[in-house]
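# Survey of secondary and tertiary structure
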Amino acid sequence: MQTHVKALVVGGGAVGASVAYHLAKAGWQTTLLERDELTSGSTWHAAGLLPLFNMSYATSHIHDYSVKFYKTLEEETGLNAGFAVVGNLRMAQTDARMDEYMLYASTAETVGIPYEWMTPAQIKDRWPLVRTEDLKGAIFHPTDGYINPADMTQAMAKGARQRGVEIVRKVQVDGYRWTGSEWVVTCTKMVERGGNLVASDEQFEITAEHVVTCTGNHAQRTAKMLGIKMPAIPVEHQFIVTEPDAALVDYRKSNPEHPVLRDADAKWYVREERGGWILGPYERNAPACFEHGVPDTFRADLFPLDLERIEEEYMSMIHRIPSSETVGLKDDYNGPICYTPDGNPLVGPAPGLRNMWLAEGFSFGITAAGGTGHYLAQMMVQGEAEIDMASLDPKRFGSWVTTEYGARKNEEAYEHVYILHHPDEERQACRPLRTAPCYDRVKARGAQFGCVNGWERPNYYAPEGFDDHAARSFRRGGWWQYAVEEAKAIREGVGMIDATAFTKHLVRGPGATQFLDWFTCNKLPKVGRINLTYALTANGTTRTEYTIVRLAEDEYYLISAGAWTAYDSDYLLKAAQDKMAEFGWIDIHDITTQWGVFAVAGPKSRDLLGKLVKDADPATVLSNKRFPWLSMRNIELGMCPVRAVRVAYTGELGWELHHPIEMQNYLFDQLMAAGEDVGLKLVGARAQNWLRQEKSYRAFGNELGRDATPMEADLPRFIDMSKDFHGKAAMEATGVRSKCCTLLIDGPTDADPWGREALYDGDTKVGRLTSGGYSVAFGKSIGMGYVRPDLAVEGTRLKVRMFNELWDATVTCDSPYDPTNAAIRKDG
Ligand SMILES: Cc1cc2nc3c(=O)[nH]c(=O)nc-3n(C[C@H](O)[C@H](O)[C@H](O)COP(=O)(O)OP(=O)(O)OC[C@H]3O[C@@H](n4cnc5c(N)ncnc54)[C@H](O)[C@@H]3O)c2cc1C
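Right, let's walk through the structure included here. Being a predicted model, the structure only gives us computed values, none of them experimental. (Residues numbered from 1 in each chain as written. Predicted model: local features only at pLDDT ≥ 70, side-chain atom pairs only at ≥ 80, totals over all residues. Heavy atoms only, no water.)

### Some points on the site of the ligand
Taken together, 37 residues surround the ligand, and among them E34, T43, F362, G365 and T367 come closest. Within the contact set of the ligand, an oxygen atom lies 2.8 Å away from a backbone nitrogen or oxygen of G365. The protein chains hide 98% of the 1,000 Å² of surface that the ligand would expose on its own. Taken together, the elements giving at least two residues each to the shell around the ligand come down to α1 (14–25), β2 (30–34), β7 (171–178), β10 (233–242), β14 (329–339) and α10 (365–382). (Near = heavy atom within 4 Å. Polar contact = N/O pair within 3.5 Å; in protein donor to acceptor, adjacent residues only side chain to side chain. Areas by Shrake-Rupley, 256 points an atom, 1.4 Å probe, with all protein chains shown as cover. Helix = DSSP H or I, 4+ residues; strand = E, 2+ residues; numbered from the N terminus.)

Structure below.
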C-alpha cells in the first residue's frame, strides 16, 4: 500500500469514488480509504433518482455533468450502472407550482438542460394510471431517471482503479496532522467482531499532499478531528416499496416504464420497481440523527419504518395513482441522509486549513457525486472550477454554527425539499439567532427580516399584522409595494438601511500596504480615502469585492459582503500568511461583530446628519470640500463616534455610518428623532437591491464570482493595469468571454426577473441574467447579466425569457440612473 500520495480520499461512498476517479483522470496519484465496504454508508440504500431539477445554477451544472457522465461509465468500465433513462415528470397542482417550474426552466435553460411542458390531458394520454383532473400541468425532463447507486459507485471505483487509484477497504482515518507541507494521516485497520466493525490495534500513517474528506454521515467525527465546524448532520429519510400493482403490470405489457413521477405539492416521488411502486416522501417531522457522531454499532443499517409519519404522503400517492390503493407493502428503507442548513453540500477548501478539501453533507449525493468529483478535481488540480463553486463552499457557514443549529436547520431543509422554492422565501427555523442591537427597534417599526449568514437583516418594512409568508410569490409578492415606497424614499428624500451584517476586517502592520497592493487589483487609496477593489483568484476571476478605507499609512479597514465573512476571512488570512515573509508583518482581525453600520442615503441625507453632527463648523463638516465623495472621516453624531464613509450602494448622496456596536441603539434613536423633520424612512435590502441595479453596481454572488474576471464584469476603472497584482496574468490571458451589462426590461405587468433568466438574441441564447428587480426610476423591470461581449453595448435589443415567454429588453449604458454621478457628488 502507498504510504505517500498526492491525494488521499477518505470515504468510499458515491462521492468519494467519484472524487478519486476524477483526481486520477486529472493525473493525480490518489488513494481512497474506506473504513468498511464501498457503498456501506448512505449510498447503498439510496433510491437512485437523478433529478436534474435544481434552482441553483452551480448545482444544476453539477447534476447535468453527473447525468451525462454516468451514461459513459459502462463503456469505460464494462460495468452496467443500471441507469434507466425514464425521464422525470414533475406535476403541479397549483398555479404557483407552475410558476416555480417556469422559474426553474429559466435556470435549466441557462445551463442547457432540456425540458418539456405537459398539460393534464397530455399526461393522462401518455400515462393513464395517473389521476390528472386536479393538476395544472407538468414539466418533463426526458434525459434523467434513476440509477443503481451501488453499481454506479462500483463502476466509478473500477474506473478509478483503471486510472491507477489504490482503493483500500477496512481502514479508518483516525487523525490528521499538518506538517506545514503535507498531511500525516493516522489510519487504523478495522476488523469484524461479532458482526460489528471495530478498530484493531494495527495503526499506520499515510502522508498526503492533499486530503479530501467524503465521509457522509461521519462528517461530525471528521469535523472534530480537523478542529472545524461543519453543519453536515443527517436526517432520517425513508422510502417504501409496494407489491406489484396489477394495473401497472398490465400497462407495462405494451408500454414503456413510467418516468419518475413527482407530485411536489404532495411532497413525494414515485417510480416503478418490479411491477410495483417506490414511494419516497419528504414529510414533516423527520428527525435529525447522529448529531454527535455515528455509533460504532451502526454499519450498513437502517432505522425502523415510521409509517405514521408518512401517512399523508402515502394517501396522496393513492389519490394520484388510484390503482395503488389495494397493493400491499413489500419493503421499506429508513436511512440517514446527510443535510446542511441550506440543503447544498459542502464542497471546497476547509476553513483555516491548507490542502484539506471537503465533500460533505450530500442529500442528493447520488445525483451530485459525478459533477462534484469533476468540479472539485478542477479546483484542486487547476486552481479553480469552470463554474463558481461559492454557493457550495464550506465557509458560507461561519464558526458560529453549532450542533443544535445544524440539526434543526437540516430538519427544516429536509422538510422543504418539496415546499415551493419562492425566490423571496425566508425560512424560520433557528431564528432569530444573530441580531444587531437595533433588532427590536426595527422590528417594532415593521421590519420583515431576511437571514444572511445567520444575521437578521430587514428585507423591507410593512404595517403591523402583515404576513410575510403569505406575501411570497414567484411574481411581485405582497411586499413589492413597500419596497417601491422605500426605493422612492431614497431617490427623493432620505432612507436608512441597517447594514450591520457587512463583513469587516482590519488589516495593519508594516507589511499591510505591500500585501494589499498585491492582493487587490485597484490602486490603494490615500489616507482618509476609499477605493472599490477586487481580490482575484489565481485564475484571475473575482474572489472578493472590497471597499477599502485607508485609516493610516499602514492601516486599512476592509468592508465586504455580509453573507461571506468566513469565506473572505479565510482567503485573506491564508494569502497574508503566505506573503508575510516577503512583505513583512501583517496583522488581520475580523471585526465584523464589533462594528454596526447604518447606511443613510438620499438627497436629504446631509440635512439629516447635519442635525446631529458635532463640529466646530457643523455647516461645512459634511460639505464636498471637507468630506468629499469616496472619503472617510471620523465624525461625532451626538455622543456616538462614527467612522463615516461617503459611499452609497444605492447611488444617492449618502454615508455609511460605521459605529461601535454597543452604541448602536443610542445612534439609532438619535437618527430616528432627527429624521422626523426630514421624513427619514427605514429601508430594507430588497429596495437597496433594486436601486443598486439602476446604478449598475455589481453584487458579489450575482455578477461577481469565481466564474468571471473583473474585466468580464466590465469594471476596468477599478483595475490598475500599471501594477502587478495577484491573478493579473491569468485575468489577461482569459480575455473577455462574456460581458456584464444592465438591461431595462419590458416584462409582464405582475412580475420582475429574479436574476436567473436566459437572454436571447432572436432565437439564439446569448447569456443570462444574474440579478433582477424593479426600477422606480424607469418604472419597469431591470436586470443585470452576462451576454456575448459584442452584445453588451448600449442600445442592443435582446429578449428575456420569463414565465415561458420572451420579453423585450434593452442594454443600457453603465449606470442608467444618474450616469454622471451628480446626485452622489451633490454639495451642500
Ligand atoms: C432512503 C434514502 C434514499 C435516498 N435516495 C436518493 C436518491 O434517490 N438520489 C440521490 O441523489 N440521493 C439519495 N439519497 C442520498 C444519498 O444516499 C446520499 O446523498 C449519498 O449516498 C451520499 O454519498 P457519500 O459518498 O457522501 O456518503 P456515504 O455513502 O455515506 O459514504 C461515506 C463513506 O465514508 C466512510 N467513512 C466515514 N468516515 C470514515 C473514516 N474516518 N475513514 C474511512 N472511511 C470513512 C463511510 O464508511 C462511508 O462508506 C438517499 C438517502 C436515503 C437515506
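### Digging into the sheet that holds strand β22 (residues 542–552)
Pairing within the open sheet is antiparallel, and its five strands lie in the order β21-β22-β23-β20-β24. Only two strands of the sheet have a single neighbouring strand rather than two, namely β21 (530–536) and β24 (587–590). Strand-to-strand twist in this sheet, taken as the mean axis angle between neighbours without regard to direction, amounts to 30°. The pairing of β22 with strand β23 (residues 555–560) spans five bridges and is antiparallel. Across the sheet, T547 pairs through a bridge with I559, a residue of β23. Here helix α14 (residues 512–519) sits on the sheet and contacts β20 (503–508), β21, β22 and β23; the angle it forms with β23, its principal contact strand, is near 35°. The sheet strands contacting helix α15 (residues 565–583) are β20, β21, β22, β23 and β24, and the helix crosses β20 at an angle near 15°. (Pairing = 2+ DSSP bridges. Axes fitted to C-alpha atoms, helices over the stretch in contact; angles between N-to-C directions. Contact = heavy atoms within 4.5 Å.)

### Overview of the packing of helix α2 (residues 57–70) against α10
Helix packing for two helices is described by the angle between their axes and how far apart those axes are. Closest axis-to-axis distance for the α2/α10 pair is 7 Å, and the angle between their directions is 100°. Here α10 runs roughly perpendicular to α2, going by the angle between their axes. Listed contacts from α10 to H61, I62, H63, Y65, S66, F69 and Y70 of α2 are I366, T367, A368, A369, G370, G371, T372, H374 and Y375. Per-class residue counts for the contact of α2 with α10 are eight nonpolar, eight polar and no charged. (Parallel < 35°, antiparallel > 145°, perpendicular 65-115°, else oblique. Nonpolar A, V, L, I, M, F, W, Y, C, P; charged D, E, K, R; others polar.)

### Side note on the pattern of salt bridges
Here the structure, examined in full by the defined rule, presents 61 salt bridges. As a salt-bridge pair, D265 and R97 come within 2.9 Å of each other at their nearest N and O atoms. Of this pair, D265 sits in the loop between β11 (260–263) and β12 (268–273) while R97 sits in helix α4 (residues 95–111); the two residues are 168 residues apart in sequence, bridging distant segments of the chain. The partly exposed category is assigned to D265, whose relative accessible area is 26%. Here E291 ties to R408 by a salt bridge, and the two come within 3.3 Å at their closest N and O atoms. Pair noted here: E291 is in the loop between β13 (276–281) and α9 (311–320) and R408 is in helix α11 (residues 403–415), with a separation of 117 residues, a long-range link. (Salt bridge = Lys/Arg side-chain N within 4 Å of Asp/Glu carboxyl O. Buried < 20%, exposed > 50% of the residue type's maximum accessible area, 1.4 Å probe, protein only.)

### Some remarks on the packing of α1 against helix α6 (residues 149–162)
As a packed pair, α1 and α6 sit with axes 8 Å apart at the nearest point and diverge in direction by 25°. By the criterion of interaxial angle, the relationship of α1 to α6 is roughly parallel. Seen along the crossing, α1 lies across α6 with a hand that is left-handed. Packed against α1, whose contacting residues are A14, A17, S18, A20, Y21 and A24, the element α6 presents M152, T153, M156, A157, G159 and A160 at the interface. Its residues placed into classes, the contact of α1 with α6 shows nine nonpolar, three polar and no charged. (Left-handed = near helix turned anticlockwise from the far one by under 90°.)

### Considerations on α15
The largest bend along α15 reaches roughly 35° and is located at Q577. Once α15 ends, the next one or two residues include G584, with phi positive near 105°. (Bend = angle between axes of the 7 residues up to and from the residue.)

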